[in-house]
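Structural characterization, general
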Amino acid sequence: MDRRYHNPLETLSHRLHVMGNVLGFLCCAWIAVVGTTLMSEINADSVGNHRSPAMVERMKECDGPFAQRFACTDDILLRGERGGASEVFLRLLATLMLPATAWSMWRAVVEKTDRLCRH
């Protein structure tokens, strides 16, 4: 087919789809590298589970009758779990926010170009 009669929007659309494949690969690579790095940096103390040394030390400070000790340790563990869950959630958000934003913006551009090509 002669290049003079080729629709420039179709050429643009084709190039955008190819670039979309590259962007998809980069997004997956970002999630793999950054996600692995951020999640590997989480230690037992920052998550606040019952085995972390800091939590064990705090639980040793609970004294009194059994019910009071139980309530004290339960409160310490719940606060630690909430903090740990928010820590993990923020790291997941930091890992996924940039690729999700880039991908959604990219899809909007490609859909607009495809719409222009059809009309």
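In short, a report on the structure. (Residues numbered from 1 in each chain as written. Predicted model: local features only at pLDDT ≥ 70, side-chain atom pairs only at ≥ 80, totals over all residues. Heavy atoms only, no water.)

**Topic: the state of the cysteines**
Taken as a whole and assessed by the stated rule, the structure comprises one disulfide. Sulfur-sulfur distance for the disulfide between Cys62 and Cys72 comes to 1.9 Å. Residues Cys62 and Cys72 are joined by a disulfide whose S-S torsion is about -65 degrees; by sign, that bridge is left-handed. Note that Cys62 is positioned in the loop between α3 (53-60) and α4 (66-118) and Cys72 in helix α4, a separation of ten residues in sequence. Just so you know, Cys27 is unpaired, no disulfide at all, and the nearest cysteine sulfur is the one on Cys28, 6.9 Å from it. Judged by its relative accessible area of 11%, Cys27 falls in the buried class. (Disulfide = S-S within 2.5 Å. Helix = DSSP H or I, 4+ residues; strand = E, 2+ residues; numbered from the N terminus. Buried < 20%, exposed > 50% of the residue type's maximum accessible area, 1.4 Å probe, protein only.)

**Observations regarding helix α1 (residues 8-40)**
Residues spaced three or four apart along an α-helix face the same direction, because each turn holds 3.6 residues. Spanning 33 residues, α1 covers 47 Å between terminal C-alpha atoms, matching the ideal 48 Å at 1.5 Å per step. Turning to α1, its buried residues are Thr11, Ser13, Leu16, Gly20, Leu23, Gly24, Cys27, Val34 and Gly35. (Expected span 1.5 Å × (residues − 1).)

**As for the nonpolar core**
Counting five residues, the largest nonpolar core consists of Leu16, Leu23, Cys27, Trp106 and Val110. Going through the elements one at a time, α1 and α4 are the ones with two or more residues in this core. Per-element tally for this core: the top contributor is α1, with three residues. Excluding residues within four positions of it along the chain, Leu23 makes contact with Ala102, Trp103 and Trp106. (Core = buried A, V, L, I, M, F, W, Y, C linked by side-chain atoms within 4.5 Å. Contact = heavy atoms within 4.5 Å.)

**Here's the deal with the side chain of Arg91**
Inspection of the secondary structure puts Arg91 in helix α4. Residue classification places Arg91 among the buried positions, given a relative accessible area of 15%. A distance of 2.9 Å separates the side chain of Arg91 from the side chain of Glu87, its partner in a polar contact. Aside from chain neighbours lying at most four places away, what touches Arg91 is Leu38, Met39, Glu41 and Ile42. (Polar contact = N/O pair within 3.5 Å; in protein donor to acceptor, adjacent residues only side chain to side chain.)

**So, the side chain of Thr73**
If you trace the backbone, Thr73 turns up in helix α4. Owing to a relative accessible area of 19%, Thr73 belongs among the buried residues under this scheme. Residues in contact with Thr73, not counting those within four places in the same chain, are Met59 and Cys62.

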